[in-house]
Amino acid sequence: MAEGTVMVTQHRYHINWLNAIFLLGIPVLAAVAAFWHGVTFGIGSTEVIVLVVWYLFCGMSITAGYHRLFSHRSYSASRPVVLFYSLFGAGAFQNSIIEWCSDHRNHHKFTDLDNDPYNATRGFFWSHMGWVIMQKEGNDNDFSNVRDLQADPILAWQHRHIFLIGFIVGMVLPGAIGFAIGGLGTGIGCFIWGGLLRTVFVHHGTFLINSAAHIWGTQPYMTTNTSKDSAFLSLFTFGEGYHNFHHAFQADYRNGYKWYHWDLSKWLILVLSILRLSSGLKRTPKASIEIAKLDVKYAKEAQNLLRSNDKVDMTSFEKRVGTYRNSLRDSFRKLAGVKKENKSSSFDKSKDMFPRQLTELKRDIKAIKEEISALFSDMRIAASAV
């Protein structure tokens, strides 16, 4: 076996030294440079502002752009927005849109399997950054799963010149802005803080979704893979921490679907839609979300019950949950229909029909959820009675 070559599962891998030096060297270089700059020139408000702005621009170009727009097509964006994502996404130094999205689509297609590029079952380090450092031999990506992206001239241009664009936008530009505002010391500071350190922060924020969000958290919507929901991770990943929801409903432009879920990326996309810079925002129907939650909860309760008593007759419980599933689906569909009708220009809004229908349907849904809670209580009683 050649030096620097290792086996990971049945595939042969070798170290990508460029990626290894960049990922492992930049944090050290950034820390040393930031200390030196602080001692030599001091840190002013310009450095802090450039750091925050570039962190937001580059970070959300990955989450709202690379991820939700290009990988999952969860909304459409105007050409200026596509160009913005292409420029600042390059500055995040996570490869081109075409390369990134090809890997990500494979991640969803083969989650936790051998062909998942950042397969979380291989361990935290592998899914966090090991997969970037170790390159599969003989695996020249043909990008067959991103033909739609290759057809876009802006994305094709970015792919051809990814390193040059990334260096100019991600490193040179923040330094140039600092130099123009405060001279040499500020220019060096903005290069270090807005370029080097910011790259480290954005890198590991993204990497944590591949690693930590497949290890720690809850699974309210699906349990067939390792994806987890973590409100904590969402705080510093622009909303990407609601990862179990995302794996269950990949086409949704939201990761945190409730209004209070911290999801900067969904709010950016909403603002862009208000400004008519994005459109076609895809939302998972509420019925689908509630039924997914019901199915996961029921499966967990049934597992606990059968663990306590493997001879219990589950027929009545299965029948009840099937009835509630259908009732939820019907009620939410009626609710969506009433809301849609109310928005119609032909709807007579002078009558109080809409508020009355809305109240009745919400009362029905509440009653169904109470019956579901009673079902789970009965299952727990059956488990404890053994």
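Please read these numbers as outputs of a predicted model, since none were measured by experiment.

Chemist: Looking at this structure, how should I read helix α9 (residues 184-210)?
Modeler: Think of an α-helix as turning once every 3.6 residues; residues three or four places apart then point the same way. Along its 27 residues, α9 runs 38 Å from first to last C-alpha, staying within 8% of the 39 Å computed at 1.5 Å per residue. With 21 of 27 residues buried, α9 is to be regarded as a mostly interior element.

Chemist: How should the nonpolar core be read in this particular structure?
Modeler: One broad trend across soluble globular proteins is that nonpolar side chains are buried collectively. Within the largest apolar cluster, 33 residues are counted, with the highest numbers of intra-cluster contacts made by F70, Y75, Y85, I97, C101, L149 and L155. Examining the composition of this core, we find that eight residues originate from one element, helix α2 (residues 45-71), more than from any other. Ignoring sequence-local partners within four residues, the contact set of I97 consists of Y66, F70, S86, L149, L155 and Q158. Within the second largest apolar cluster, 23 residues are counted, among which are L294, L305, L335 and M379.

Chemist: When you look at the pattern of salt bridges in this model, what are you seeing that I'm missing?
Modeler: Once the charged atoms of two side chains with opposite charge are near each other, the side chains can pair. Taken as a whole and assessed by the stated rule, the structure comprises 15 salt bridges. Measuring nitrogen to oxygen at the nearest pair gives 2.6 Å for the salt bridge that ties R122 to D114. The closest approach of N and O atoms between K311 and D310, which form a salt bridge, is 3.8 Å. We classify K311 as exposed; its relative accessible area is 72%. Taking the relative accessible area as the measure of exposure, D310 reaches 61% and is therefore exposed. Among the charged side chains, a network of salt bridges with common partners joins K286, E290, K293 and K369.

Chemist: Before we go on, may I ask you to explain the layout of surface pockets in this structure?
Modeler: Gaps left between atoms show up when a probe the size of a water molecule is rolled over them. Here the second largest pocket defines a volume of roughly 750 Å³. Going through the elements one at a time, α13 (286-308), α14 (315-343) and α15 (353-384) are the ones with two or more residues in the lining of the second largest pocket. Grouping the amino acids of the lining of the second largest pocket by side-chain chemistry returns eleven nonpolar, two polar and twelve charged.

Chemist: Would you explain the state of the cysteines in this entry?
Modeler: Defined simply, a disulfide is a covalent bond joining two cysteines at their sulfur atoms. Considering all chains together, one arrives at zero disulfides under this definition. Of all cysteine sulfurs, the one in C190 lies closest to C58, which takes part in no disulfide; the gap is 14 Å. Here C58 falls in the buried class, since its relative accessible area comes to 0%. In this structure C190 comes out as buried when scored by relative accessible area, which is 0%.

Chemist: What is the right way to look at unusual backbone geometry in this model?
Modeler: Peptide bonds are mostly trans, and most non-glycine residues show a negative phi. The backbone of N95 shows a phi angle near 80°, a positive value even though the residue is not glycine. With respect to the secondary-structure elements, N95 resides in the loop between α3 (79-90) and α4 (97-109). At R276, a residue that is not glycine, the phi angle is positive and equals roughly 60°. Mapped onto the fold, R276 is located in the loop between α12 (264-274) and β5 (278-279).

Chemist: What is the right way to look at the packing of α2 against α4 in this model?
Modeler: Relative placement of two packed helices is described by the angle separating their axes and the distance separating the axes. It is at 10 Å that the axes of α2 and α4 come closest, and there the two elements cross at 65°. As the angle between them shows, α2 and α4 are arranged roughly perpendicular. As α2 runs across α4, the sense of the crossing is right-handed. Contact with α2, carried on its side by I62, Y66, H67, F70 and S71, involves I97, W100, C101, H104 and R105 of α4 and no other residues of that element. For the contact of α2 with α4, the residue count by class is six nonpolar, three polar and one charged.

Chemist: Help me out: how do you make sense of the packing of aromatic side chains in this one?
Modeler: Within the structure shown, the criterion is met by 22 aromatic pairs. With centroids separated by 5.1 Å and ring planes inclined at 40°, the aromatic side chains of Y55 and F238 adopt a geometry described as tilted. On the criterion of sequence distance, the pair formed by Y55 in helix α2 and F238 in the loop between α10 (231-234) and α11 (243-248) is long-range, its members being 183 residues apart. Their ring planes at 70° and their centres at 6.5 Å tell us that F84 and Y85 sit as a pair that is edge-to-face. Its relative accessible area of 2% is what places Y85 among the buried residues. Through a chain of ring-to-ring contacts, three or more aromatic side chains come together here, namely W54, F57, F70, F84, Y85 and F88. Lying over the aromatic face of F376, K297 brings its terminal NZ or CZ to 5.9 Å of the ring centre.

Chemist: Before we go on, may I ask you to explain a nonpolar patch on the surface in this structure?
Modeler: Judged by side-chain polarity, I43, V48, V52, L56, F57 and F84 come together as a nonpolar surface patch covering roughly 450 Å² of accessible area. With four residues, the single largest contributor to the nonpolar patch is α2. One can find V52 in helix α2.

The rules behind the values
- Per-chain numbering applies: the sequence of each chain, read as written, is numbered from 1 onward.
- Under the rules for a predicted model, residues below a pLDDT of 70 receive no local features and side-chain atom pairs below 80 are neither given nor counted, while totals for whole chains, interfaces and linings still include all residues.
- Side-chain numbers come from the whole structure's heavy atoms, not from hydrogens or water.
- Going along the chain from the N terminus, every DSSP run of H or I of four or more residues is numbered as a helix, and every run of E of two or more is numbered as a strand.
- An expected span of 1.5 Å times one less than the residue number is assigned to each helix.
- When accessible area is computed with a 1.4 Å probe and restricted to protein chains, residues below 20% of their type maximum are described as buried, those above 50% as exposed, and intermediate ones as partly exposed.
- The nonpolar core is taken to be a set of buried Ala, Val, Leu, Ile, Met, Phe, Trp, Tyr and Cys residues, with the residues joined through side-chain atoms within 4.5 Å.
- Contacts are residue-level and defined by heavy atoms, with any inter-residue pair within 4.5 Å sufficient.
- Salt-bridge detection follows one rule: a side-chain nitrogen of Lys or Arg within 4 Å of a carboxyl oxygen of Asp or Glu.
- Only protein atoms enter the 1 Å grid used here, on which a cavity is any set of points holding a 1.4 Å probe that cannot leave and a pocket is any open set flanked by protein within 12 Å on both sides along at least five of seven lines; residues with an atom within 4 Å of a point are listed as lining.
- Grid points are joined across faces, edges and corners, and a volume is the space filled by probe spheres set on the points.
- Lys, Arg, Asp and Glu make up the charged group, whereas Ala, Val, Leu, Ile, Met, Phe, Trp, Tyr, Cys and Pro make up the nonpolar group; the residues left over, Gly among them, are polar.
- Note on terminology: disulfide denotes any pair of cysteine sulfur atoms within 2.5 Å.
- The angle between two axes is taken between their N-to-C directions and runs from 0 to 180 degrees, where each axis is a line fitted to C-alpha atoms and a helix contributes only its stretch in contact.
- When describing relative orientation, an angle under 35 degrees is termed roughly parallel and one over 145 degrees roughly antiparallel, while 65 to 115 degrees is termed roughly perpendicular and anything else oblique.
- Each crossing gets its hand from how the near helix is turned against the far one by less than a right angle, where anticlockwise is left-handed and clockwise is right-handed.
- To pair, rings of Phe, Tyr and Trp, with the six-membered ring standing in for Trp, must have centres within 6.5 Å; the planes then decide the type, stacked if under 30 degrees apart, edge-to-face if over 60, and tilted in the middle.
- Both a distance and an angle decide whether a charge sits over a ring: NZ of Lys or CZ of Arg must be within 6 Å of the ring centre and within 35 degrees of the ring normal.
- Only residues whose relative accessible area exceeds 30% and that form no salt bridge are eligible for patches; like-charged ones are grouped when within 9 Å, while nonpolar side chains (Val, Leu, Ile, Met, Phe, Trp, Tyr) are grouped when within 5 Å.
- All accessibility values rest on the Shrake-Rupley procedure with a 1.4 Å probe; residue burial counts only the protein chains present in the view.

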